[in-house]
Amino acid sequence: MTSPSLPPPSPSPSTPTPPSPSPCFYGVLPTPYGGRGAFAKARIPKNTTILQCDGPYASVVLRKFRKEVCAWCFAWCFESAEGRKSSWSVRLDIVDGEVGPGGQKGKGGGGVIWTPWFCREGCRGDWVREYFWCGEESGSESLVALMNTLEKTLVAYRTAKSRPKSQPASTSVPPPHPFTFLDTWTSADVSESSIDSAWKMAEILASNLKKPSKILEVLEEWNAASAEDPRELLTEFEADCARFVLDGIVRQALQTQVAIAVTASPHTALGSTLAIDLHSGSTAATLPNAKPTGLWQDLLHLQNNELQHIRSKPYMLGVFIRVYLFLQYIVRTAKPAQRKRREGQVFGLNGNTAFIKRPAFLETLGMFLEATDSVRAILARDHGNVFGIWEKGLPHSEDGGREGEREGSGDDGEMFGWGMYVFGSYFNHDCTPTVRKQQHGRSLHFVTTRDVEEGEELCINYIDVSMNNGVVSRNAELSKEWFFECGCKRCRRERDE
Ligand SMILES: [Zn+2]
Ligand SMILES: [Zn+2]
């Protein structure tokens, strides 16, 4: 999960063939060695951008970097055009949970502990637009409410835990907990059915707990049964996974709301605007090789790595289920502060007045979480389908775009977070890649490293393929993290040497 990665080239007969993400340069076809890959439809010259992904479907900037890395373009303040800065200064202004126009310092008190930080006004505007729902502010407002609830819950738990208790902690053995077996189970226990039943248990447990606070108790008891002195409700990694999944579920909910509105009113101007929003989402999408964030269906087309991932790291299912239960609590308890005032707000659709109540967005989100499917679908594709967001911030050019680029495997420097670029995940690995990845702010570009002949497979590198990383060490990493042995020309040659 911590490396730029792609689905391993292993057979996946149950996965339907996805629509080709770029009709112009390549087709997504089965490979001779199993799985699928991207193959050039015609000769492609060197330095051609064969795909540009405008943004991730879901992403997370790690908590420790939240003031240093722009929430929108991922620029790093230490490499600001104005010189080294210790943090960005533009933040989303929040007044008692309400998303304001920004720039009004001093109003953001009232228990608000989370806000996205931006490198400049333009990025803030783009961020807000991304989560606004066609003029409604439900998306960004709800997202802020959710993120605040998430951070507050973690901080409140930590604070309570670090205070000495008035009563000595019970020394008795904690009662058996339904999920502790996940902390100690081994690869031999992992099967499709054992994973299914653990998820089912989590789903039933959560639906039986009518009071959200009971969910936190379950997590707390689970932690108590697993560790000596758990002072955190979630580990930092679990919390980042929760933020990542939440971002994906919010997008899924926004897309679903838009889809409902389009279905309700397909022929109105508003319906058309919504449809355009849903399917392009960006001006860059007018270019033939540019792809927007993608739809939920596009995400589902990505290879599901759940079984392989949990088999190689059995503790990961415990991580996944903690994330699911925690998000259940967050979605059930998050409340935008201005919810009451906005209740019953009128939202017109071609003369047919639809009443979009304030909590509708959160209710939609809650619906997605009743079953484990959405959370599970994202987590099952997280490993092997995400790209790291790396320390490669570059100064902004005059027009606000990122100028220049730094290439390479992307494995150098700090990783600020990760993102799932759904259309970028069809490229397989090769130790002499024909395609390189370039981070341009929020978007990810795929550029040919040499002339590629018609029918040749287009590959990137998932790991460091520099000359000082030999065939043995490369393959150790590939099999550990991506569950395959590389059979590329270079590996075959180096093995023979
Ligand atoms: Zn920015
Ligand atoms: Zn290789």
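Structure first, text after, so check above.
The notes below deal with the structure included here. (Residues numbered from 1 in each chain as written. Chains lettered and ligands numbered in written order. Predicted model: local features only at pLDDT ≥ 70, side-chain atom pairs only at ≥ 80, totals over all residues. Heavy atoms only, no water.)

## Some thoughts on the coordination of the zinc ion (ligand 2)
Using the following cut-off: The rule for donors is simple: an N, O or S atom within 2.8 Å of the metal counts, and for Na, K and Ca the reach is 3.2 Å. Water is not among the atoms, so a site may look short of donors. The helix and strand labels rest on DSSP assignments: H or I over at least four residues marks a helix, E over at least two residues marks a strand, and numbering proceeds from the N terminus. Whether a residue is buried, partly exposed or exposed follows from its accessible area with a 1.4 Å probe, protein chains only, as a fraction of its type maximum: under 20%, in between, or over 50%, in that order.
The coordination sphere of the zinc ion (ligand 2) contains the protein donors Cys-431 (SG), Cys-486 (SG), Cys-488 (SG) and Cys-491 (SG), at a distance range of 2.2 to 2.3 Å. All donors to the zinc ion (ligand 2) come from one chain, and their sequence spacing reads C-x54-C-x1-C-x2-C. Of this pair, Cys-431 sits in the loop between strand 14 (428-429) and strand 15 (435-440) while Cys-491 sits in helix 15 (residues 489-496), placing them 60 residues apart in sequence. Of the residues examined, Cys-431 reaches a relative accessible area of 2% and is grouped as buried.

## Things to note about unusual backbone geometry
In this model, Asn-47 sits at a positive phi of 65°, which is unusual for a non-glycine residue. The phi torsion at Phe-483 lies on the positive side, around 60°, for a residue other than glycine. Residue position: Phe-483 is located in the loop between helix 14 (471-482) and helix 15.

## What about the sheet that holds strand 2 (residues 36-40)?
What counts here: We treat two strands as partners when DSSP finds at least two bridges between them.
One open sheet accounts for 4 strands, arranged 1-2-17-14; its pairing is mixed. At either end of the open sheet lies a strand with only one pairing partner, and these are strand 1 (26-30) and strand 14. Here strand 2 pairs with strand 17 (residues 457-460) via 2 bridges, running antiparallel. Bridging from a neighbouring strand, Ala-38 pairs with Leu-458 of strand 17.

## Quick word on the packing of helix 4 (residues 192-208) against helix 10 (residues 316-333)
Keep this limit in mind: Under this scheme, a helix contributes an axis fitted over its contacting stretch, all axes are lines through C-alpha atoms, and angles between N-to-C directions fall in the 0 to 180 degree range. Each angle is binned into one of four classes, with values under 35 degrees roughly parallel, values over 145 roughly antiparallel, values of 65 to 115 roughly perpendicular, and all other values oblique. Take the far helix as your reference; a near helix turned counterclockwise from it by less than a right angle gives a left-handed crossing, and one turned clockwise gives a right-handed crossing. In this description, contact between two residues means that some pair of their heavy atoms is separated by no more than 4.5 Å. Residues are grouped as follows: Ala, Val, Leu, Ile, Met, Phe, Trp, Tyr, Cys and Pro are nonpolar; Asp, Glu, Lys and Arg are charged; all remaining types, including Gly, are polar.
Contact geometry for helix 4 and helix 10: axes closest at 11 Å, N-to-C directions at 20°. Classified by the interaxial angle, the pair formed by helix 4 and helix 10 is roughly parallel. Considering the relative orientation of helix 4 and helix 10, their crossing is right-handed. Counting all contacts with helix 4, which are made through Ile-195, Ala-198, Trp-199, Ala-202, Glu-203, Leu-205, Ala-206 and Ser-207, the residues of helix 10 involved are Leu-317, Phe-320, Ile-321, Tyr-324, Leu-325, Gln-328 and Arg-332. Along the lines of polarity and charge, the residues of the contact of helix 4 with helix 10 split into 11 nonpolar, 2 polar and 2 charged.

## Observations concerning the side chain of Asn-469
With respect to the helices, strands and loops of the structure, Asn-469 is situated in the loop between strand 17 and helix 14. With near-sequence residues (within four places) excluded, Asn-469 lies in contact with Ile-463, Asp-464, Arg-474, Glu-477 and Arg-490.

## Some thoughts on the coordination of the zinc ion (ligand 1)
Short version of the rule: Irregular is the label for any site that misses the other tests, which are tetrahedral for four donors with all angles between 85 and 135 degrees, and square planar for four donors or octahedral for six when opposite donors exceed 155 degrees and the remaining angles lie between 65 and 115.
Protein-derived ligands of the zinc ion (ligand 1) are Cys-70 (SG), Cys-73 (SG), Cys-119 (SG) and Cys-123 (SG), with the metal-ligand distances lying across 2.3 Å. Considering all 4 donor atoms around the zinc ion (ligand 1), the spread of angles at the metal, 104 to 117°, places the coordination shape in the tetrahedral class. As a motif over one chain, the donors of the zinc ion (ligand 1) read C-x2-C-x45-C-x3-C. Of this pair, Cys-73 sits in the loop between strand 4 (58-61) and strand 5 (90-91) while Cys-119 is found in the loop between strand 8 (117-118) and helix 1 (121-131), placing the two residues 46 residues apart along the sequence. On the basis of relative accessibility, which here comes to 12%, the residue Cys-119 falls in the buried class.

## Description of the sheet that holds strand 4
The strand order across the open sheet formed by 3 strands is 4-13-12, and the pairing between neighbours is antiparallel. For this open sheet the edge positions go to strand 4 and strand 12 (387-390), each flanked by a neighbour on one side alone. On average, each strand axis in the sheet is tilted by 25° relative to the strand beside it, whichever way the strands run. Pairing between strand 4 and strand 13 (residues 415-420): 4 bridges, direction antiparallel. From the neighbouring strand, Ser-59 faces strand 13, where its bridge partner is Gly-419.

## Some words on the pairing of strand 17
Because side chains alternate across strand 17, one face comprises the buried residues Glu-457 and Cys-459, and the other comprises Leu-458 and Ile-460, equally buried. Bridge analysis of strand 14 against strand 17 gives 2 bridges, and the strand direction is parallel. Each residue of the ladder has a partner; that of His-429, found in strand 17, is Ile-460.

## Side note on the packing of helix 10 against helix 12 (residues 360-370)
With their axes 10 Å apart at the nearest point, helix 10 and helix 12 run at an angle of 155° to one another. With respect to helix 12, the axis of helix 10 lies roughly antiparallel. Helix 10 and helix 12 meet at a crossing whose hand is left-handed. Here Tyr-324, Leu-327, Gln-328 and Val-331 of helix 10 come into contact with helix 12, specifically with Leu-362, Leu-365, Gly-366, Leu-369 and Glu-370. In the contact of helix 10 with helix 12, the residues fall into 6 nonpolar, 2 polar and 1 charged.

## Examining empty space enclosed by the protein
Operational definition: For cavity detection a 1 Å grid was placed over the protein atoms alone, and a set of points counts as a cavity when a 1.4 Å probe fits there but cannot get out; an open set counts as a pocket when protein lies on both sides within 12 Å along at least five of seven lines, with lining residues being those that have an atom within 4 Å of a point. Grid points are joined across faces, edges and corners, and a volume is the space filled by probe spheres set on the points.
Enumeration over the complete set of coordinates arrives at 4 cavities of 30 Å³ or more. Taken as a whole, the largest cavity holds about 340 Å³ of empty space. Taken together, 22 residues form the lining of the largest cavity, with Val-60, Val-61, Ala-71, Trp-114 and Met-147 sitting closest to its centre. Mapped by element, the contributors of at least two residues to the lining of the largest cavity are strand 4, helix 1, helix 2 (138-162) and helix 6 (236-264). Here the residues of the lining of the largest cavity are counted per class, giving 14 nonpolar, 2 polar and 6 charged.

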